[in-house]
Amino acid sequence: MWAGRFAKALDSKADDFNSSIRFDCKMYKQDIMGSIAHAEMLAAQKIISAEDCDAIVDGLSGILEDLNSGALSFDMACEDIHMFVEAELTRRIGDAGKRLHTARSRNDQVAVDVRMYLRDEAQDIVALLKQLISDITDQAEACRGVIVPGYTHLQRAQPITFGHHLMAYAMMFLRDISRLEDAAKRMNYSPLGSCALAGTTYHTNRRMEAEKLHFDGITLNSIDGVSDRDFCVEFISAFSLIMMHLSRFSEEIILWSSWEFRYVELDDAYTTGSSIMPQKKNSDMAELVRGKTGRVYGDLITLLTLMKGLPLAYNKDMQEDKEALFDAIETVKMCLDVFAPMIRTMKVKPDNMYKAAQEGFINATDLADYLTREGMPFRAAYKIVGEIVAECIQKHCVLDNLPMEDYRAHTDLFEEDLYEEISLETCVGKRISEGGTSPESVDAQIVYVRGELSK
Ligand code: ARG
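Quick caveat: nothing in here was measured; it's all calculated off a predicted structure.

**Things to note about the site of the ligand**
In the vicinity of the ligand, the contacting residues are Ser 20, Asp 24, Asp 80, His 82, Arg 106, Asn 107, Val 110, Tyr 314, Gln 319 and Lys 322. Ser 20 is positioned such that a nitrogen or oxygen atom in its side chain is 3.1 Å from a nitrogen atom of the ligand. Within the side chain of Asn 107, one N or O atom sits 2.8 Å away from a nitrogen atom of the ligand. In isolation the ligand has 340 Å² of accessible area, and contact with the protein removes 87% of it. The leading source of residues in the shell around the ligand is helix 6 (residues 106-142), at 3 residues.

The following block contains the structure:
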């Protein structure tokens, strides 16, 4: 390509080292669409002739079709996808192909390609998140009244409904969607026409190109246009949060599936056995999702580190953005793809959850609230209930079956109705504060989330 300036060809190892086609070929569609828009703009501005433009557009459309069908494969001897498309075009249509690169540089070309690629992929990821949220919501609806211990510090804390617990994840994934949509909005400005770094002397129409490529506008500083990769960092950050949420959920599913908990059982289709221990049923999918989270965090650190020392404008270092970005995209998609059906087919075991909720004094707060309602200050009630719990532990009983006379030895504010007041059903049923754990509150959350999904 730069034969004019150079006396000899690139060393073959240096050539391999320098080349990016083995990964940036993923963006062939975006590269070709960008080139078609560019050719049409050049013709509209009379920078190239209408005939040359027609030949270029036909040639590029043919290349796109042949790459889609597999009739044409990438030439790995080319440095990158941009060089490949241009060389193939010129091979097909001759001299007109050589006019395509007027008023353009690979620097603005790659910047526009990555944005369009990420725009498409982000849409796919939003669709996968919506499916997952919908599966979580269906499970939550079925478990709106299923009582389970809620935990803090992984110690049984207060009774909650399992539907409520599941809906916490629906809220996280809903925020993930809004983060992707937010980042997509900020990214959707076309850098095309920034050229190498300084813009161009040709009378181009950047806004026309931007419109053809469905951008909301153009970037307003050509140096920033070609050197900005903030949007990659923003998206990988959003992907990292998706993975963090999936990983926390995975961790819980792994715990819940253990023989110690037995709160849920994963479908055989999403578990594996052991090669030696015949009794085993392992939550490999959840474990792998948890493991792959580290990979996406690594991709984020790659990008941040890659960019931190780069002087303006383009530097070849930036070629390294794509493998990290593509890896993060692929990983998130793969994880969401198995996670949603794993949740959909997960069997919940309400009896085991209820049994666990009956142990661990998780209605102690409600007992303190009982005394507070009778007029005792909360701190005093808290202390008395603490003493009662200690007494129960000594007597090997729980709050629900400690005899009345033992209660009244602490304070005569206790009456028979306390047993009803501290039943697990009352504990969750009365937590009607907005966003609380009562079945009615879970219903309201489900209505809200389904409303958001249908927007
Ligand atoms: N393959 C390059 C990349 O991915 C394209 C831009 C190359 N520009 C340049 N001046 N070498 O970053």
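**Some words on the nonpolar core**
In terms of nonpolar packing, the biggest core is built from 72 residues, with Phe 162, Phe 239, Leu 246, Phe 249 and Ile 253 touching the most fellow members. Among the elements of the structure, helix 6, helix 7 (162-187), helix 10 (230-257), helix 11 (284-308), helix 12 (321-344), helix 13 (350-358) and helix 19 (439-453) are those that each provide at least two residues to this core. Here this core gets 14 residues from one element, more than from any other, and that element is helix 10. Residues contacting Phe 239, with those up to four places away along its chain left out, are Leu 118, Ile 125, Leu 180, Val 296, Ala 328, Ile 329 and Val 332. Of all hydrophobic cores here, the second largest spans 25 residues; its members include Ile 32, Ala 43, Ile 48 and Val 85.

**What about a negative patch on the surface?**
Taken together, the side chains of Glu 374, Glu 416, Asp 417, Glu 420 and Glu 425 present a region of like negative charge at the surface. Here Glu 374 lies in the loop between helix 14 (364-373) and helix 15 (378-395). Since its relative accessible area comes to 39%, Glu 374 is described here as partly exposed.

**Details of the pattern of salt bridges**
Per the stated rule, a full pass over the model turns up 37 salt bridges. Measuring nitrogen to oxygen at the nearest pair gives 3.2 Å for the salt bridge that ties Lys 383 to Glu 387. Separated by 4 residues within a single helix, Lys 383 and Glu 387 lie in helix 15, roughly one turn from each other. Residue Glu 387 is classed as partly exposed on the basis of its relative accessible area of 35%.

Conventions adopted
- Residues numbered from 1 in each chain as written.
- Predicted model: local features only at pLDDT ≥ 70, side-chain atom pairs only at ≥ 80, totals over all residues.
- Heavy atoms only, no water.
- Near = heavy atom within 4 Å.
- Polar contact = N/O pair within 3.5 Å; in protein donor to acceptor, adjacent residues only side chain to side chain.
- Areas by Shrake-Rupley, 256 points an atom, 1.4 Å probe, with all protein chains shown as cover.
- Helix = DSSP H or I, 4+ residues; strand = E, 2+ residues; numbered from the N terminus.
- Core = buried A, V, L, I, M, F, W, Y, C linked by side-chain atoms within 4.5 Å.
- Buried < 20%, exposed > 50% of the residue type's maximum accessible area, 1.4 Å probe, protein only.
- Contact = heavy atoms within 4.5 Å.
- Patch = residues over 30% accessible without salt bridge, like charges linked within 9 Å, V, L, I, M, F, W, Y side chains within 5 Å.
- Salt bridge = Lys/Arg side-chain N within 4 Å of Asp/Glu carboxyl O.
- Lys, Arg positive; Asp, Glu negative; His and termini not counted.
- Charge placed at Lys NZ, Arg CZ, Asp CG, Glu CD.

Just distances and angles here, no functional claims.
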